[in-house]
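# Per-entry structural report
Listed here are the chains, written in short residue letters.
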Amino acid sequence: MAADPRFYPARGPVSLAEIAATAGARFGGDGARVFADVGSLAAAGPDEVAFLEGRRYAGALKTTRAGAVLVTADAEADVPEGCVALVCEAPQLGYARVAALFHPQPAPVPGIHPTAVIGPGATIGDGCEIGPYAVVGAGAEIGPGCILGPHAVVGPGCVLGAGSIIRAHASMVFCIAGAGVVLHEGARVGNEGFGFVTTKAGEHVTVPQIGRVILGDRVEIGASSCVDRGAAGDTVLGPGTRLDNQVQIGHNVKTGRGCVIVAQVGIAGSAELGDYVVLAAQSGLVGHITVGSGARVGAQAGVMNDVPAGTDVVGSPAWPAREFMRAMARLRKLGAPKRNGKTGETP
Amino acid sequence: MAADPRFYPARGPVSLAEIAATAGARFGGDGARVFADVGSLAAAGPDEVAFLEGRRYAGALKTTRAGAVLVTADAEADVPEGCVALVCEAPQLGYARVAALFHPQPAPVPGIHPTAVIGPGATIGDGCEIGPYAVVGAGAEIGPGCILGPHAVVGPGCVLGAGSIIRAHASMVFCIAGAGVVLHEGARVGNEGFGFVTTKAGEHVTVPQIGRVILGDRVEIGASSCVDRGAAGDTVLGPGTRLDNQVQIGHNVKTGRGCVIVAQVGIAGSAELGDYVVLAAQSGLVGHITVGSGARVGAQAGVMNDVPAGTDVVGSPAWPAREFMRAMARLRKLGAPKRNGKTGETP
Amino acid sequence: MAADPRFYPARGPVSLAEIAATAGARFGGDGARVFADVGSLAAAGPDEVAFLEGRRYAGALKTTRAGAVLVTADAEADVPEGCVALVCEAPQLGYARVAALFHPQPAPVPGIHPTAVIGPGATIGDGCEIGPYAVVGAGAEIGPGCILGPHAVVGPGCVLGAGSIIRAHASMVFCIAGAGVVLHEGARVGNEGFGFVTTKAGEHVTVPQIGRVILGDRVEIGASSCVDRGAAGDTVLGPGTRLDNQVQIGHNVKTGRGCVIVAQVGIAGSAELGDYVVLAAQSGLVGHITVGSGARVGAQAGVMNDVPAGTDVVGSPAWPAREFMRAMARLRKLGAPKRNGKTGETP
C-alpha cells in the first residue's frame, strides 16, 4: 500500500541503482528497474521498497510482496523469490534515506502570507515560507529557508537558524536557535519557568526569569512539549537532541549532543545530561542532578540521584536495572498465595 | 443553583412528562409541571432536576431541594417529601439526556468568518461555522454542519466528517476523520511521530513518517492531547473512542471501538487495543503490545506485555490486580517498626 | 554575565541603597554605588547582585565575582573581600524583588492590535494591550491593564480581572478570573471535562458540562496546562495557587489558597485541596479525595485516599513518607545477591 497520494504525492519513480546507492546496499539484478514508493514489509507491493532490521518482523519477510527489501546479510536467504535483496549494514537507516527520495521533506514555498505580522526590525532570510497568521516579533532574525506554519509565533529578538521549521501553533520566545531546528505543532519554547519564593505570609513572589533557551543545530521539540527559559543563565539543548511530544524541560536544564527524550518525560530545573542520554517515556528527573553520557533511564523511572555515564537505571526511586529486576521478581513471590503457611518466597 | 446564564442560557422550561420520557423514567404527579434546569443533588432547587446513581452521594439525596431526582428503584424510598422521584434503570444516563434538553450542544451558526483562510480546492459543507482565524488547507473537505473554532487548523487534504467540531487552537493534519468527531482545545492530530535512526557517528536521521491518522465516527480527542500519524500505514482510533486531556498516542497505534483513555496516558508506537479498553490516568503502554477487548489498566500502571481480554492490570511493571494488592500489603508490613527483632511481616 | 540585552534591556543602574531597601537588607559601604543587573553567583560580575540561600551553592559564594551578594547572617563571613554583603533573613525573596527593579514585568503597551477580533458587547478596560490575532468573545469583560498575547482567546462571557496576562496561544472559556491572573503559553482553561455515560450497547453519551472555572486573584496556569470546567458547579482554584506546565485539573476540582502544583501533575475530578498544598512533579490524585492544608505529595506519587493536613505522602499507592522509605530500603536488600543461601535482608 503506497503512501496516500492525497497527502504524499510520491516523487518517484526511482531506479534500483539509485536506491541501492542511497542506502549503501549491494544487490543483484537490473539497476534500471524502477520503484514507485516505500512501504512496510506487510503492506508493500511489487513496485515498493521495504526493510527488515532485527527479528521482530522476520516472519513478515518471508511473505512480503515488496519488490525489494533492505536487509542485513544474515537475512538475505529469507528474501522471497522474485524480491530483490538490498544487502547493507543498517537497513533501517538505509530505509530512512530511501524514503526521503520518494517523500522528501517539503521545501519551503518562498513567500510571506499577507496575514503574517512581521514586527519592526525583524529580518526574514531568503527563501522563507511564512504562513497564515504567523507572528514574528520586533527584531527577530529568521534565517534563510525556514518554514513558519499557520499561527506560528517567534518572539521579539529571537534568532532562528537556517532551514528551521516552526509548525502550526508552536511558539518560541527568549530563544536563540541554530540551523535545522524543528518545533512540532503546539511546542512551547522559552516560557517563564516555575520560579517563585514564598513569603512567611504565604504569598508566592515570582523570581523574574531572565535567561534564555539555546537550541543547538538540528534540535527537535515534539508537539505540545515545553522548554522553559533560564532563571539566570540559559536552558541549553545540545545539537541533535530530540524531544518527543509532551516533554517538560525545566529552567536551566542542560543537555549535551544527541539526547533522546521520549514522550511525557519531565526534567526538573538545573539537571544536566551528557551526550546521547536516553530518557524513556514518562520518566522524571529531579533538579540539580547529573546524568552522564550514554546513560539510559527506563520508562516511568524516577531519578533522584546522579547517574554515572553508561549506566542503565529503572524504577522509582531509580536503581541500577539489574538489581531492580531481581527485587521485583522476589516481590511478586510475596504476592503468590501462601503454601504451608509461608509466602511464596524461595527459602 | 442553575447553570450560569452568562454562559449557559437555559432552553427551558421543559415539562416533567418530557423529562421522564427522555430519561425513560416512571414518575407520579402532574406531567405538565415544568422545570427550568438541571443541577447537582447538593445545589439544585425546586425547579431543577438532579440524579443519584450509586452510593457516593446517597446522603445528599435525603437533604436535596431538587424538584425532581432521577433514581434507581432501590433509592425511591429515600426521595424527600415533595420531590418527584423519576425512577429508571440508569439515572446518570437519563441525566445526560435530560441535561441536553436544557443545554443542547450549540448548533453551528452557519457562516465563514471573513478572517478564515480557505485554501484552493478546499470544500466546506452546508451549514458549517468557520471561526475567526481558522485555516483550512488546500483540498481539504469539511463535511456539513461542522464547527471550527478560533485559530483551528485543518491541514491540506484532510477530511472531516459531518457534524464534527475542532475547538480553539486545535490542529489536524494528514488526517481522515469521520462524523461527529471532536478535537478539544489545543488538540494535536497528525503530528510527525518520533521516528529516526541513529548513525554510528551519533547523528539522528529522521525516518519520513508517511502514514495518516484515521479517526472513526464520534472519536473525541481531549485538550492538548497528541495523536501522531503513522510511519507507514496509519494510526487508527476506532469509532466512539475517547481521549481525555494530555494523552499521547504514538505512531501506528490502533484502537477498537469505544476505548476510554484517561488523562496523561501514553501509548507507544504500534500498540493495539481491542474494543472498550479502559486506560486509567497516567498509565503507560510500551510499543507493539496488544491489550484485549474489555481489559482495564490501572492508574499509573506501566504495561510491558500483552494484556488478555477482560483482564485488569495494575502496577509498574503491570501485574494482574489481585496479586499486586496482596504483595503491596505485605510490602507495607516491611515498613512497619520491628517488634521483637522481626519486621512486621505476618509469620 | 548580565541578562541578554536582546531580550532583557536592563532598567538600571540602581543604587546599593535602593537595592538594600528593596531586599530589606543591611550592608556596609557607599549606598550611592550603582549596580547594572542581577546575576547568578557563578556568573555575576562586579556590577551585578547575586544571592545565596541554603548550602547548595555555598562553594560558589567564596569564588563569586559579584559586586554584592544577598546572604543570611551565617554566611556573611564567607562573602569575598571587595564584595558587599547584603544581610537579610530571606535572600532569595530579596533577590526576587531586586531582580524586578532591573527587570520589571513589562507593563502593558496600551492598544488593541488592528487584527484583534473583539466580539459584540465585549468590554476592554483602560490600558489593556491586546495583541495580534487575539480573539475576545461576545460579552466578555477584560479588566484594566491586562495583556493578551498573540492568538490569545477569551471566550464569550468570560471575565478577566485587572492586570492579568493571557500569553500567546492560551485560551480561557467558561471562566471567571480574578486580578493578576496569568495563563502561560498554550494554557487551556475551561475545556469540557471528561464526562460521559456508557449505554449497555457500548455508546458513550456525553454529560453536558455546564459549570465554570473560577480562578482566584494571582492564580497562574503553566504552559500547556489544562483546567476543565465543572460538570455542574465549578472548578475553583484559590487565590495565589500556581500550576506549573502540563498539569491536568479535572472537572470540579477545588483548591484553597497558594497551592503549588508542579509539572505534569494530574488531579482527577472533584478532588479537593486545602491551602498551601504542594503536589510534586508527575504525581496523581484520584477523584473525590481531600488533601488537607499544608500536605505535601511526593514526585510521581499516586494518591488514592484522603491526606490529612500537614502530612507528607510518597509512593504509589501513596503512603506516609517515613514508612515508604523504610520499606524501600528493605526491598533493595531483596535485590542484593544471596549470601550463604539467604537474601540480603537483615535478620
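Looking up chain A in an unreviewed UniProt entry gives the name UDP-3-O-acylglucosamine N-acyltransferase, with the organism given as Neoroseomonas soli. Under the heading Function (unreviewed entry), UniProt records this for chain A: "Catalyzes the N-acylation of UDP-3-O-acylglucosamine using 3-hydroxyacyl-ACP as the acyl donor. Is involved in the biosynthesis of lipid A, a phosphorylated glycolipid that anchors the lipopolysaccharide to the outer membrane of the cell." Listed under Catalytic activity (unreviewed entry) in UniProt, the entry text for chain A is "a UDP-3-O-[(3R)-3-hydroxyacyl]-alpha-D-glucosamine + a (3R)-hydroxyacyl-[ACP] = a UDP-2-N,3-O-bis[(3R)-3-hydroxyacyl]-alpha-D-glucosamine + holo-[ACP] + H(+)".

### Section: the packing of aromatic side chains
Applying the stated rule across the entire model yields 18 aromatic pairs over all chains. The interplanar angle of 40° and the centroid separation of 4.8 Å between the aromatic rings of Phe51(B) and Tyr95(B) together place this pair among those described as tilted. Separated by 44 residues along the polypeptide, Phe51(B) in strand 4 (residues 48-51) and Tyr95(B) in helix 3 (residues 91-102) bring together distant segments of the chain. With relative accessibility at 23%, the residue Phe51(B) sits in the partly exposed group. Residue classification places Tyr95(B) among the buried residues on the basis of a relative accessible area of 5%. Three or more aromatic residues link up through ring pairs in this structure, and these residues are Phe7(A), Tyr8(A) and Phe174(B). Lying over the aromatic face of Phe174(A), Arg229(A) brings its terminal NZ or CZ to 4.1 Å of the ring centre.

### Digging into the sheet that holds strand 11 (residues 135-136) of chain C
Residues and elements named next belong to chain C. Read across the sheet, 10 strands follow the order 8-11-14-17-20-25-28-30-33-36 without closing on themselves; strand pairing throughout is parallel. Each of the sheet's edge strands pairs with one partner strand only, and the pair in question is strand 8 (117-118) and strand 36 (302-303). Where strand 17 (residues 171-172) lies against strand 20 (residues 188-191), two bridges are found, and the strand directions are parallel. Note that in strand 20 the partner of Met172 across the bridge is Val189.

### Thoughts on the interface of chain A and chain C
On the chain C side, the residues contacting the 73 residues of chain A number 61 residues. On the surface where chain A and chain C come into contact, there are three salt bridges. Between Asp4(C) and Arg212(A) there is a salt bridge, with its nearest N and O atoms 2.7 Å apart. Between the two partners, chain A and chain C, sit 26 residue pairs in polar contact (both at pLDDT 80 or more). The set of elements that each furnish at least two residues to the side of chain A that touches chain C consists of strand 18 (175-177), strand 20 (188-191), strand 21 (196-198), strand 22 (204-206), strand 25 (226-228), strand 38 (319-320) and helix 4 (321-334) of chain A. A total of five residues in the side of chain A that touches chain C trace back to one element, the largest contributor, which is helix 4 of chain A. Of the residues belonging to the side of chain A that touches chain C, the class tally is 33 nonpolar, 29 polar and 11 charged.

### Details of the pairing of strand 20 of chain C
Side-chain direction in a regular strand flips from residue to residue, so the side chains alternate between the two faces of the sheet. Of the pairings in the sheet, the one linking strand 20 of chain C to strand 25 (residues 226-228) of chain C comprises three bridges and is parallel in character. Residue pairing across strands places Asn191(C) opposite Asp228(C), the latter belonging to strand 25 of chain C.

### A word on the domain arrangement of chain A
If you check the domain split of chain A, you get domain 1 (14-102) and domain 2 (111-252). Once you take the C-alpha centre of each, domain 1 of chain A and domain 2 of chain A turn out to be 39 Å apart.

### Digging into helix 4 of chain A
Along its 14 residues, helix 4 of chain A runs 20 Å from first to last C-alpha, staying within 8% of the 20 Å computed at 1.5 Å per residue. Regarding helix 4 of chain A, the residues found buried are Phe324(A), Ala327(A), Met328(A), Arg330(A), Leu331(A) and Leu334(A). Burial along helix 4 of chain A is one-sided: seen end-on, the buried residues are contained in an arc of 165°. Buried-residue contacts for helix 4 of chain A involve strand 37 (312-314) and strand 38 of chain A, strand 38 (319-320) and helix 4 (321-334) of chain B together with helix 4 (321-334) of chain C.

### Regarding the packing of helix 1 (residues 16-23) of chain A against helix 3 (residues 91-102) of chain A
Residue and element names in this part refer to chain A. Contact geometry for helix 1 and helix 3: axes closest at 8 Å, N-to-C directions at 135°. By the angle between their directions, the pair helix 1 and helix 3 is classed as oblique. In the crossing of helix 1 with helix 3, the sense of the turn from one axis to the other is right-handed. The residues of helix 3 that touch helix 1, namely those facing Glu18, Ile19, Thr22 and Ala23, are Gly94, Arg97, Val98, Leu101 and Phe102. Looking at the contact of helix 1 with helix 3, its residues break down into five nonpolar, two polar and two charged.

### Side note on the relation of the copies chain A and chain C
Think of it as a corkscrew move, a rotation about one axis and a shift along it, taking one chain copy to the other. Rotating chain A by 120° and moving it 0.0 Å along the rotation axis overlays it on chain C with an RMSD of 0.0 Å. Such values leave the two copies arranged in the relation of a three-fold axis. Both copies present different contact surfaces, since only 14% of the interface residues of chain A are interface residues in chain C too.

### Observations concerning the interface of chain B and chain C
Counting residues at the interface gives 62 residues for chain B, matched by 73 residues for chain C. For the pair chain B and chain C, the summed buried surface comes to about 5000 Å²; carbon and sulfur atoms form 58% of the total. Contact with chain C buries area across many residues of chain B, yet Phe7(B), Tyr8(B) and Arg242(B) alone supply 13% of it, more than any other trio. For the pair chain B and chain C, the number of links is three salt bridges. Linking chain B with chain C are 26 residue pairs in polar contact (both at pLDDT 80 or more). With seven residues, helix 3 of chain B is the largest single contributor of residues to the side of chain B that touches chain C.

### Re the side chain of Asp234(C)
Relative to the elements of secondary structure, Asp234(C) occurs in the loop between strand 25 and strand 26 (235-237). With sequence-adjacent residues up to four places away left out, Asp234(C) is seen in contact with Gly211(C), Arg212(C), Ile214(C), Asn252(C), Val253(C) and Lys254(C).

### Observations concerning unusual backbone geometry
All names here are of chain B. For the bond running from Ser316 to Pro317, omega is 0°, close enough to zero to count as cis. Tracing the chain through its elements places Pro317 in the loop between strand 37 (312-314) and strand 38. Positioned with a positive phi, Gln300 is a non-glycine residue whose angle comes to about 65°.

Definitions and cut-offs
- Residues numbered from 1 in each chain as written.
- Chains lettered and ligands numbered in written order.
- Predicted model: local features only at pLDDT ≥ 70, side-chain atom pairs only at ≥ 80, totals over all residues.
- Heavy atoms only, no water.
- UniProt positions renumbered as here; feature names shortened; annotations may be inferred.
- Phe/Tyr/Trp six-rings, centres within 6.5 Å; stacked < 30°, edge-to-face > 60°.
- Helix = DSSP H or I, 4+ residues; strand = E, 2+ residues; numbered from the N terminus.
- Buried < 20%, exposed > 50% of the residue type's maximum accessible area, 1.4 Å probe, protein only.
- Lys NZ or Arg CZ within 6 Å of the ring centre and 35° of its normal.
- Pairing = 2+ DSSP bridges.
- Contact = heavy atoms within 4.5 Å.
- Salt bridge = Lys/Arg side-chain N within 4 Å of Asp/Glu carboxyl O.
- Polar contact = N/O pair within 3.5 Å; in protein donor to acceptor, adjacent residues only side chain to side chain.
- Nonpolar A, V, L, I, M, F, W, Y, C, P; charged D, E, K, R; others polar.
- Domains from an automatic or database assignment.
- Expected span 1.5 Å × (residues − 1).
- Arc of directions from axis to C-beta.
- Axes fitted to C-alpha atoms, helices over the stretch in contact; angles between N-to-C directions.
- Parallel < 35°, antiparallel > 145°, perpendicular 65-115°, else oblique.
- Left-handed = near helix turned anticlockwise from the far one by under 90°.
- Least-squares fit on C-alpha atoms with pLDDT ≥ 70 in both.
- Buried area = accessible area lost by both parts, 1.4 Å probe.

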